[in-house]
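Here is how the chains run, residue by residue.
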Amino acid sequence: MKLPTPHKILIVHQGAELYGSDQMLQCMLMALRQHNQSHVTVHIPTTGPLIERIKPYTDDIIIKPISILRLNSLKSLKWLNLKQFAVNLRTAWQQLKRHDMVILNTTVILSYMLLLPFYRGQKYIYVHELTLGFMRLVFNLMLFLTGAELICNSQVTADAYSLIPSRRKHLLYNISLRQTTATEKQMADKMHILLIGRISRRKGQHILLDALQYLPPEKLQRLDVRIVGDMYDPRNPYLQRLKDQIARENLSDVVSFFPFDHDPAHFYQWADLVVIPSTLPESFGLVALEALQHGRAILANKSGAMLEIITHGQNGYLAKPNSPADLANGIVYYLNNPEKLPLHGQNGLMQAKQRFDIIAYNTRLSDILNLKQAA
């Protein structure tokens, strides 16, 4: 049954940076703006560079604390501030009552998730996360009890939430709004390897460093590696451990660090090969999509949504998960076959144009949310 077109839409997001889910918030808002009969409000917990990106596509931006369920904080109970939690619940309920549709843009927005079972408007949760083990069961139960429909950014994400009936799950692949210029590039004396993303153990920067140790000196000296990104928590010792490993293993002439850039196009244009060595399955992988759009070959783990984006031997190379030795095999493959780099890059560019199109995204989102096209 076609639901009434909502007049007031509330979108809740966990932060204000410019990483993957932040970019998808902007994509969603741009699509919603095509339906100008709706008043769109965004609730985010803090200020940041995302605000200027979304201002043109919103009617109101609310900046107030939101209770966010972060697994690393859960272990130490840092999030358990009952007084603030009560305030956040009250804020969430006040906002819900004012809107006839709510979209939670990630599954970790706890203060709203707990109230969704009592909310009678249209409700959706845009799922960007994959969970494993016991936490997968916990999140399955939480999402089931909300009664919300899920917008899943890949098939592997949809499959992970098996407790939710299929009628409540919708597949909507991510897209990238970043400006891309696909330039042809032939490998020079050195192969340029790019690893871009948040600096964290989950993203596997240490796996790449370990892989370099499997290469003989004559191969290693033909590489120039850039690791681009920032830490979520600057107190986390992971970055220092990476730098210590580089010094200990004499990789300082091969590996360089660069801070996160809101416009990373120049890094992709510099690269011959984009490496994605994530230690856990990716729910989508916006870096992989951006690499495709720049016409770059990809070396990634054979897991998660990488299997939906990368075809081994056509637009990239899929290595065994968490295997530095097999990741090294992928690097050697491209060193020995440099002609594969532009070939796989062009194949990936064609795929990106066919499958990850902004017009198709806008139409699909409109259908999922039962929105009428604005005149």
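Calculation rules
Each chain has its residues counted from 1, running along the sequence as written. Where totals are concerned, whole chains, interfaces and linings use all residues; where local detail is concerned, this predicted model gives features only for residues with pLDDT of at least 70, and gives and counts side-chain atom pairs only at 80 or more. Heavy atoms from the whole structure form the basis of all side-chain values; hydrogens and water molecules are not counted. Strands here mean DSSP runs of E at least two residues long; helices mean DSSP runs of H or I at least four residues long; both are numbered from the N terminus. When we talk radius of gyration, it's over C-alpha atoms, and the globule rule is simply 2.2 Å times the number of residues to the 0.38. Buried residues are those whose accessible area, probed at 1.4 Å on protein chains only, stays under 20% of the maximum for their type, while exposed residues exceed 50% and partly exposed ones sit between those limits. Residues count as neighbours in contact if any of their non-hydrogen atoms are within 4.5 Å of one another. To measure how exposed things are, a 1.4 Å probe is used in the Shrake-Rupley method; for residues, cover is taken only from the protein chains shown. Charged residues are defined here as Lys and Arg on the positive side and Asp and Glu on the negative side; His and the ends of the chain fall outside this count. Taken as the charge location is NZ of Lys, CZ of Arg, CG of Asp or CD of Glu. Here, any two strands with at least 2 DSSP bridges between them count as paired. For helices, the axis comes from a line fit to the C-alpha atoms of the stretch in contact; other axes are also lines fit to C-alpha atoms, and the angle between any two N-to-C directions lies between 0 and 180 degrees. Nine residue types can take part in a nonpolar core, namely buried Ala, Val, Leu, Ile, Met, Phe, Trp, Tyr and Cys, and a core is a set of them joined through side-chain atoms within 4.5 Å. Two distance rules govern patches: like charges are joined within 9 Å, and nonpolar side chains (Val, Leu, Ile, Met, Phe, Trp, Tyr) within 5 Å, applied only to residues with over 30% relative accessible area and no salt bridge. A carboxyl oxygen of Asp or Glu within 4 Å of a side-chain nitrogen of Lys or Arg is what we treat as a salt bridge. Here a cavity denotes grid points, spaced 1 Å and computed from the protein atoms alone, that fit a 1.4 Å probe unable to get out, and a pocket denotes an open set having protein on both sides within 12 Å along at least 5 of 7 lines; residues with an atom within 4 Å of a point are the lining. Grid points are joined across faces, edges and corners, and a volume is the space filled by probe spheres set on the points. Just so you know the grouping, Ala, Val, Leu, Ile, Met, Phe, Trp, Tyr, Cys and Pro go in nonpolar, Asp, Glu, Lys and Arg go in charged, and all remaining residues, Gly too, go in polar. Here roughly perpendicular refers to angles of 65 to 115 degrees, roughly parallel to angles under 35, roughly antiparallel to angles over 145, and oblique to all remaining angles. Here is the rule for handedness: rotate from the far helix to the near one, and if that takes an anticlockwise turn smaller than a right angle the crossing is left-handed, while a clockwise turn gives right-handed. In summary, the pairing rule links any two rings of Phe, Tyr or Trp, Trp by its six-membered ring, whose centres are within 6.5 Å, and it sorts them by plane angle into stacked for under 30 degrees, edge-to-face for over 60 and tilted for everything else. Criterion for a charge above a ring: Lys NZ or Arg CZ within 6 Å of the ring centre, and within 35 degrees of the ring normal.

A. Spatial organisation of the overall build of the protein chain. Along the backbone of the protein chain there are 16 helices and 13 strands. Relative to the 2.2 N^0.38 estimate, which gives 21 Å for 375 residues, the radius of gyration of the protein chain is 21 Å and therefore close to what a compact globule would have. Within the protein chain, the fraction of its 375 residues that count as buried is 54%. Of the contacts made within the protein chain by residues no fewer than 6 positions apart, 68% connect residues no fewer than 24 positions apart. In the form shown here, the protein chain has an accessible surface area of approximately 16700 Å², with 54% of it arising from carbon and sulfur atoms. In the protein chain, the 41 positive side-chain charges and the 29 negative ones have mean positions that sit 9 Å from each other.

B. Structural view of the sheet that holds strand β5 (residues 122-127). On the basis of which strands lie adjacent, the open sheet formed by seven strands has the order β3-β2-β1-β4-β5-β6-β7 and parallel pairing. Single-partner strands in this sheet number two, and they are β3 (60-63) and β7 (169-171). Adjacent strand axes in the sheet meet at a mean angle of 20°, parallel and antiparallel pairs treated alike. Of the strands in this sheet, β5, β6 (149-152) and β7 touch helix α16 (residues 358-368), which is tilted by about 170° from β7.

C. Layout of the nonpolar core. Judged by nonpolar contacts, the single largest core of 55 residues is most densely connected at Ile-11, Met-28, Leu-194, Tyr-361 and Leu-369. It is helix α1 (residues 20-32) that provides the largest number of residues to this core, a total of seven residues. In this structure Met-28 touches Ile-11, Ile-103, Asn-105, Tyr-126, Tyr-361 and Leu-365, once residues within four positions along its chain are discounted. Listed in part, the 34 residues of the second largest apolar core include Ile-193, Val-225, Val-254 and Ala-297.

D. Fine view of the sheet that holds strand β11 (residues 273-276). Reading across from one edge, β10-β9-β8-β11-β12-β13 is the order of the six strands in this open sheet, with parallel pairing throughout. Each edge of the open sheet is held by one strand with a lone partner, namely β10 (255-258) and β13 (316-319). Sheet twist, expressed as the average angle between the axes of neighbouring strands with direction ignored, equals 20°. In the sheet, β11 pairs with strand β12 (residues 297-301) via four bridges, with the strands oriented parallel. Residue pairing across strands places Val-274 opposite Ile-298, the latter belonging to β12.

E. Structural view of a nonpolar patch on the surface. Taken together, the side chains of Phe-134, Leu-137, Leu-141, Phe-144, Leu-145 and Leu-163 present a nonpolar region at the surface, about 610 Å² in accessible area. With respect to the helices, strands and loops of the structure, Phe-144 is situated in helix α6 (residues 133-146).

F. Molecular detail of empty space enclosed by the protein. This model, assessed by the stated rule, comprises one cavity of 30 Å³ or more. Of the volumes computed, that of the largest cavity is approximately 30 Å³. What lines the largest cavity is Ile-276, Ser-278, Leu-280, Pro-281, Glu-282, Asn-301, Ser-303 and Met-306. Here the lining of the largest cavity is composed, by residue class, of four nonpolar, three polar and one charged.

G. Broad picture of the packing of helix α8 (residues 205-212) against helix α14 (residues 324-336). Direction vectors running N to C along α8 and α14 enclose 70°, while the axes themselves pass 8 Å from each other. When the interaxial angle is binned, α8 and α14 end up roughly perpendicular. In this structure, α8 crosses over α14, and the sense of that crossing is right-handed. Residue-level inspection shows Ile-207, Leu-208, Asp-210, Ala-211 and Leu-212 of α8 in contact with α14, the latter providing Pro-324, Leu-327, Ala-328 and Ile-331. Looking at side-chain class alone, the contact of α8 with α14 contains eight nonpolar, no polar and one charged residues.

H. A look at the pairing of strand β2 (residues 39-44). Of all six residues in β2, five are buried, a share of seventy percent or more. When strand β1 (residues 8-13) meets β2, the two strands line up parallel, connected through five bridges. Pairing of Ile-11 across the sheet is with Val-42, part of β2.

I. Spotlight on the packing of aromatic side chains. Applying the stated criterion across every chain yields a total of six aromatic pairs. Judged by centre distance (5.5 Å) and plane angle (65°), the ring pair of Phe-258 and Phe-267 falls under edge-to-face. We classify Phe-267 as buried; its relative accessible area is 4%. Between Tyr-317 and Tyr-333 the ring centres are 5.4 Å apart and the planes differ by 40°, which places this aromatic pair in the tilted class. Of the two residues, Tyr-317 sits in strand β13 while Tyr-333 sits in helix α14, which places them 16 residues apart along the sequence. Three or more aromatic residues joined by ring pairs make a cluster, and in this case those are Tyr-173, Phe-284 and Phe-356. Lying across the ring of Trp-270, Arg-226 places its NZ or CZ 4.1 Å from the centre. If you follow Lys-243 out to its NZ or CZ, it ends over the ring of Phe-257, 5.9 Å from the centre.

J. Region of interest: a positive patch on the surface. A surface patch of positive charge is lined by Lys-8, Lys-64, Lys-97 and Arg-98. Looking at where Lys-64 falls in the secondary structure, it is placed in the loop between β3 and α3 (71-76). According to the relative accessible area criterion, Lys-64 is partly exposed, its value standing at 38%.

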